[in-house]
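Secondary and tertiary structure notes
Letter by letter, the chains look like this.
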Amino acid sequence: MKNLPCTTVYVVGDSTLSSFADDYYMPRYGYGTQLYRYLLPQAKVVNLALSGRSSKSFLTEENYKILLSSLSAGDFLVIGFGHNDEKGEDERYTNPNLGYLDESCERGVSFCNNLYKNYIVPARERGAVPVLCTPIVRLSDDDDYCGSCGHITPSSGKYEGGDYAQAVRSLGESADVTVIDLTRSTMARYKAVGHEKASLFHAWAATSGMKKTGLDGTHLNMYGAAWTAYEWAKLLSVTDNPLRNYLVEDIAEPTDDVLAQSVNASYREPSYEPFSPEKAKKTHFSAQPPWYVSVMGDFGGGEHIKEFVAERTQGGWKLGNDGTVARGKISGSSDGFVALFRQIGADKNFELSARVELLSLAPCADKQTAFGIMVRDDVYADEYVPSLSSNYVAAGYLGAKAGIFVREGGRLAFFADDEQDGGTSLQLRIKKINQQIAVSCNGGERAFYDFDLTSVDNGYCYVCLFANRGAVAEFTDISFDITGDAVRA
């Protein structure tokens, strides 16, 4: 064993580095939890990373105070931010286009200056050695990492987009700080193995019929975190950073045993009970049978239900989320929204149509913001279900585009007219005729055949008017009719 003095490796960053206490089928693990695999016993890892934080919002946390009071000469500081610095929210957003000495705030706080002034400089002042890490990629359904999955973001309103990974690289070069480029390494690995195998590096929230559901394209599982820690160690080993001296001699790839260990041995597949009017008596928003209101899915927790809007208007209903923090989502891994819904027998034909007008779009709105109409397999009465990824067909607005989107087998697909932006007014319709579901959005139509709407709730399906994540919309001209019994060909 190398004769080295003991040291502490402090880790700061977001959820891609932090620890979790999940009941997922394949729980979330930040790669900061797995660095120990490649460090000698003389290097103690203290993981201060926190889920949901950016380099800016982390400064308000107790863990930042602990960092400043604990760092001392001979220690190391691993810094991994970027995922949440991209978010269009004043509390978290930092600008990737400004230099590391730029302290102006007219275009938002400089990402590079924030990292330099609040992390690198304090570490050096205390005699510690900083190590910068670029953010790991998000899992792309089509192996495209040229955009937001690779942390190259578009501008949105007052928030400028840019290349966050490149900003970290540039900061490292300008401030003479070691950079571990995990953006490029994870991108190369994911492209090499393809989407299906790359999904095994990520968290899966649940199972349905013992099949994995709720793929989390942002967060790693233990296997993915171990692989990322392995790449971190390999990249560190070819730098001149003194932390390389604390690496184990045999930097070996994680084995399939780690993949097996990534499955939660205590996990039990959740049971589901069809909606009943009795459940509606316990919901936050008042019901108007046969229509009911619920906040369901992945929206941050039951305490946030009150941050949604669901109220009658003169011509229909106003639904959405208008808080300063985005609640709910339609994402590659899960869904969450407020819905006005109606229960229908699974063997019935029907037609639902409505006009929807976007009333407001908060700064927190992003590519996971959605509103529109849908028919779905299951429904939950004011229930936080972080793994909600069951089947549905929908028409409306998703991430600034108008179109038709579906989730089947956990996978989200979006069909949009490239010449049509999200707009502020949409005419929507869903019509079920036997084994066909026909959907239209502002005249654009698409049909789905033998679409499975009974894999969770065998007896019913549910039509919904819905909205989430910084969008408030008014639904008018609402028309719903049961048009007869479905006949299977």
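Here we summarise the structure given alongside this text.

With respect to the environment of Glu351
Inspection of the secondary structure assignment puts Glu351 in strand β15 (residues 348–361). In this structure Glu351 comes out as partly exposed when scored by relative accessible area, which is 25%. Considered as a pair, Glu351 and Glu307 are 44 residues apart in the sequence and their alpha carbons are 31 Å apart.

Here's the deal with the sheet that holds strand β7 (residues 178–180)
Pairing within the open sheet is parallel, and its 5 strands lie in the order β2-β1-β3-β4-β7. Only two strands of the sheet have a single neighbouring strand rather than two, namely β2 (43–47) and β7. Pairwise comparison of adjacent strand axes, ignoring direction, gives a mean angle of 25° for this sheet. Examined bridge by bridge, strand β4 (residues 129–133) and β7 share 3 bridges and lie parallel to one another. Counted as the bridge partner of Cys133 is Ile180 from β7. Of the strands in this sheet, β1 (7–13), β3 (76–80) and β4 touch helix α2 (residues 111–125), which is tilted by about 165° from β3.

Some words on the side chain of Thr16
Relative to the assigned elements, Thr16 resides in the loop between β1 and β2. A residue is classified by how much of its surface remains accessible, and Thr16, at 4% relative accessible area, is buried. Within polar-contact distance, the side chain of Thr16 engages the side chain of Asp14 at 2.6 Å. In this structure Thr16 touches Gly30, Tyr31, His83, Ile136 and Thr218, once residues within four positions along its chain are discounted.

Looking at the packing of aromatic side chains
Inspection of the entire model under this criterion finds 31 aromatic pairs. Consider the rings of Trp227 and Tyr230, whose centres lie 5.4 Å apart with planes at 85°: the pair is edge-to-face. With a gap of 3 residues between them, Trp227 and Tyr230 both fall in helix α6 (residues 222–237), about one helical turn apart. The same class applies to Trp227 and to Tyr230, which are both buried. Feature note: the residues Tyr38, Tyr145, Tyr190, Phe201, Tyr223, Trp227 and Tyr230 constitute an aromatic cluster, connected by ring pairs. In this structure, Arg189 is placed above the aromatic ring of Phe201, and the distance from its NZ or CZ to the ring centre is 4.5 Å. One residue, Lys212, lies across the ring of Trp204, its end atom 5.0 Å from the ring centre.

A few points about the pairing of strand β9 (residues 211–220)
Counting buried positions along β9 yields 7 of 10 residues, so the element is predominantly enclosed. Between strand β8 (residues 202–208) and β9, which follow one another and run antiparallel, lie 2 residues, and Gly209 among them has a positive phi close to 60°.

Thoughts on the packing of helix α4 (residues 182–193) against α6
Direction vectors running N to C along α4 and α6 enclose 125°, while the axes themselves pass 10 Å from each other. As judged from the angle between their axes, α4 and α6 are oblique. Classified by chirality, the crossing of α6 by α4 is right-handed. Residues Leu182, Ser185, Thr186 and Arg189 of α4 pack against Trp227, Thr228, Glu231, Trp232 and Leu235 of α6. Broken down by class, the residue content of the contact of α4 with α6 amounts to 4 nonpolar, 3 polar and 2 charged.

Some words on the side chain of Thr369
Structurally, the position occupied by Thr369 is in the loop between β15 and β16 (370–376). Given the relative accessible area of 0%, Thr369 is considered buried. Side-chain polar atoms of Thr369 contact the backbone oxygen of Arg469, separated by 2.7 Å. For Thr369, the contacting residues outside a window of four places in its chain are Leu361, Tyr397, Leu398, Gly399, Asn468, Arg469 and Ala471.

Things to note about the sheet that holds strand β12 (residues 316–321)
Read from one edge of the open sheet, 7 strands run β11-β12-β25-β15-β21-β22-β23, paired in antiparallel fashion. Among the strands making up the open sheet, the edge pair consists of β11 (308–312) and β23 (444–449). Taking the axes of each pair of neighbouring strands and ignoring which way they run, one obtains an average angle of 20° across the sheet.

Quick word on the environment of Arg126
Tracing the chain through its elements places Arg126 in the loop between α2 and β4. Linking Arg126 and Ser70, residues 56 residues apart in sequence, is a C-alpha distance of 9.4 Å. Apart from the residues within four sequence positions on either side, Arg126 is in contact with Leu68, Leu71, Ser72 and Ala73. A polar side-chain atom of Arg126 sits 2.9 Å from the main-chain carbonyl oxygen of Leu68.

Each value, and the rule that gives it
- Residues numbered from 1 in each chain as written.
- Predicted model: local features only at pLDDT ≥ 70, side-chain atom pairs only at ≥ 80, totals over all residues.
- Heavy atoms only, no water.
- Helix = DSSP H or I, 4+ residues; strand = E, 2+ residues; numbered from the N terminus.
- Buried < 20%, exposed > 50% of the residue type's maximum accessible area, 1.4 Å probe, protein only.
- Pairing = 2+ DSSP bridges.
- Axes fitted to C-alpha atoms, helices over the stretch in contact; angles between N-to-C directions.
- Contact = heavy atoms within 4.5 Å.
- Polar contact = N/O pair within 3.5 Å; in protein donor to acceptor, adjacent residues only side chain to side chain.
- Phe/Tyr/Trp six-rings, centres within 6.5 Å; stacked < 30°, edge-to-face > 60°.
- Lys NZ or Arg CZ within 6 Å of the ring centre and 35° of its normal.
- Parallel < 35°, antiparallel > 145°, perpendicular 65-115°, else oblique.
- Left-handed = near helix turned anticlockwise from the far one by under 90°.
- Nonpolar A, V, L, I, M, F, W, Y, C, P; charged D, E, K, R; others polar.

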